[in-house]
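# Notes for the structure review
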Amino acid sequence: MKATLAPSSLISLPRHKVSSLRSPSLFLQSQRPSSALMTTTAASRGSVAMTAAATSSVEALQEGIAEFYNETSGLWEEIWGDHMHHGFYDPDSSVQLSDSGHREAQIRMIEESLRFAGVTEEKKIKRVVDVGCGIGGSSRYIASKFGAECIGITLSPVQAKRANDLATAQSLSHKVSFQVADALEQPFEDGIFDLVWSMESGEHMPDKAKFVKELVRVAAPGGRIIIVTWCHRNLSQGEEALQPWEQNLLDRICKTFYLPAWCSTSDYVDLLQSLSLQDIKCADWSENVAPFWPAVIRTALTWKGLVSLLRSGMKSIKGALTMPLMIEGYKKGVIKFGIITCQKPL
Ligand code: SAH
């Protein structure tokens, strides 16, 4: 693994506390009082206060997420580079891509997301928060593209350290920085980010309503919010829940990838509408990401992939064994790759 281990003092912090590795002071706010956490399911249908047991299950989930990324990020970087998200491909593209082709597809995912949300160079994006930043690939790309200041947050101390090291190595540390912080309790003042970016982190959030409220809180008036995330299919009229076999498939994925209950793209749209956000748009990009997991599996099955996988540990191995379920989920239409975007009113 390339990433070095973070000091144990960071790892042992309670998950609702933040530990700042390095951050421009303009973004920082003193520790926000921790408000009551809310239930995880049926985000759009209203939430109730959590019991102590549920709160501790959120803490256990977040510990699991941190440990998962502490263990697996080095392996991912070694094989796939610094973007820990799907690539964006032309639908039905039958071409077998090279490794660099897949990396380009991951950059294309960032570009397509910005384009879909109408974020262009003319928009004068000065400050960006990268919520669930991984090892900071999006932040560094966006900072370079717009000349913006970016701050990324992750639950994994290993990721935050590696992201900062890469920023320094790429002479970007005056523009981007990363810290361990919880997306549900962000250590930032209200209304300061022109772009609030969440690339494939929403699926980890145990309380979607609280997650969205935090994204909206930190967005500047007129700021753009972009959520690109794994969803389950929208429920049809009158349907109360997914079919048992569908739920069973998702539950198996949840266990190894440290995910709470899933929601649909429409659930996100409902949440954004309930908060009176503007220019709400969403799309289903499932077809555009279809080549991704087969490609990840192919790289895992190479000699280098197998050796790295075995060295990385059980969480990585279990993650690899779960990948075919992602393919099955997309093929059967249970899993949807969604983008949801909106603007905070001026
Ligand atoms: N956006 C990155 C990484 C995606 S992986 C990329 O595209 O490369 C998911 C990320 O979400 C991890 O960095 C994980 O630590 C982060 N994450 C999950 N739950 C989080 C939470 N509650 N607060 C902050 N980060 C979280």
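All of the points below concern the structure found in this document. Because the structure is a prediction, the values reported are computed rather than measured.

Conventions adopted
Counting of residues starts from 1 at the beginning of each chain's written sequence and follows it residue by residue. Side-chain atom pairs in this predicted model are given and counted only at pLDDT of 80 or more, local residue features only at pLDDT of at least 70, and totals for whole chains, interfaces and linings cover all residues. Derived side-chain values reflect all non-hydrogen atoms in the structure, with water molecules and hydrogen atoms excluded from consideration. To be near a molecule or strand, a residue needs just one of its heavy atoms within 4 Å of it. In protein, a polar contact means a hydrogen-donor-capable atom and an acceptor-capable atom, both N or O and within 3.5 Å, with residues adjacent in sequence counting only if both atoms are side-chain atoms; elsewhere, any N or O pair within 3.5 Å suffices. Under the convention used here, a 1.4 Å probe and the Shrake-Rupley method define accessible areas, while residue burial counts only the protein chains that appear. Axes, fitted as lines to C-alpha atoms, cover a helix only where it is in contact. Angles between the N-to-C directions of the axes lie from 0 to 180 degrees. Secondary structure is summarised from DSSP: a helix means a run of H or I of at least four residues, a strand means a run of E of at least two, and numbering begins at the N terminus for each. The scheme is simple: roughly parallel for angles under 35 degrees, roughly antiparallel for over 145, roughly perpendicular for 65 to 115, oblique for anything else. Note: crossing handedness is left-handed where the near helix turns anticlockwise from the far helix by less than a right angle, and right-handed where it turns clockwise. Any two residues whose heavy atoms approach within 4.5 Å at even a single point are treated as in contact. Three classes are used: nonpolar for Ala, Val, Leu, Ile, Met, Phe, Trp, Tyr, Cys and Pro, charged for Asp, Glu, Lys and Arg, and polar for all others, with Gly counted as polar. Cysteine sulfur atoms are paired as a disulfide whenever they come within 2.5 Å of each other. For this analysis, a nonpolar core means a set of buried residues of the types Ala, Val, Leu, Ile, Met, Phe, Trp, Tyr and Cys, connected via side-chain atoms within 4.5 Å. Accessible area is worked out with a 1.4 Å probe on protein chains only. A residue is then buried under 20% of its type maximum, exposed over 50%, and partly exposed in between. Between any two strands, at least two bridges found by DSSP are needed for them to pair. Classification remark: right-handed applies to a crossover when, strands pointing away from the viewer, the course from the first strand over the helix to the second runs clockwise.

## Structural notes on the site of the ligand
Of all residues adjacent to the ligand, which total 21 residues, the nearest are Met-84, His-85, Gly-132, Gln-159 and Ala-183. A distance of 2.6 Å separates an oxygen atom of the ligand from a polar side-chain atom of Gln-159. Between Ala-183 and the ligand, the recorded distance is 2.8 Å, taken from a backbone N or O atom to a nitrogen atom. With the chains in place, 99% of the 570 Å² that the ligand exposes on its own is no longer accessible.

## Structural notes on the packing of helix H6 (residues 208-218) against helix H8 (residues 265-274)
Viewed as axis vectors pointing N to C, H6 and H8 meet at an angle of 50°, and their least axial separation amounts to 10 Å. Taken together, H6 and H8 sit at an angle that is classed as oblique. For the element pair H6 and H8, the recorded crossing hand is right-handed. Here Lys-208, Ala-209, Phe-211 and Val-212 of H6 come into contact with H8, specifically with Tyr-268, Leu-271 and Leu-272. Its residues placed into classes, the contact of H6 with H8 shows six nonpolar, no polar and one charged.

## A look at the state of the cysteines
Disulfide: a covalent bond formed between the sulfur atoms of two cysteine residues. Under the definition given, this model contains zero disulfides. A disulfide-free cysteine, Cys-231 has its sulfur positioned 5.3 Å from the sulfur of Cys-263, the nearest such atom.

## Regarding the nonpolar core
Inside soluble globular proteins, nonpolar side chains tend to come together where they are buried. Among the nonpolar cores identified, the biggest contains 64 residues, and Leu-195, Trp-197, Ile-226, Trp-230, Ile-253 and Trp-293 are the most heavily contacted of them. If you tally residues by element for this core, the top one is helix H2 (residues 52-80), at nine residues. Those residues in contact with Leu-195 that sit more than four places away from it in its chain are Leu-114, Val-119, Ile-125, Arg-127, Val-128, Val-129, Ile-142, Arg-224 and Ile-226.

## Looking at the pairing of strand E2 (residues 149-154)
Where burial is concerned, most of E2 is hidden: five out of the six residues are buried. Pairing analysis gives five bridges linking strand E1 (residues 127-131) to E2, with the strands arranged parallel. Its bridge partner being in E2, Val-128 is matched across the sheet by Cys-150. By the bridge criterion, five bridges tie E2 to strand E3 (residues 176-180) in an arrangement that is parallel. Bridge pairing in E3 links Gly-152 to Phe-178. Read from E2 through helix H5 (residues 157-169) to E3, the crossover connection turns out right-handed.

Treat this as a map of the structure, not an account of what it does.
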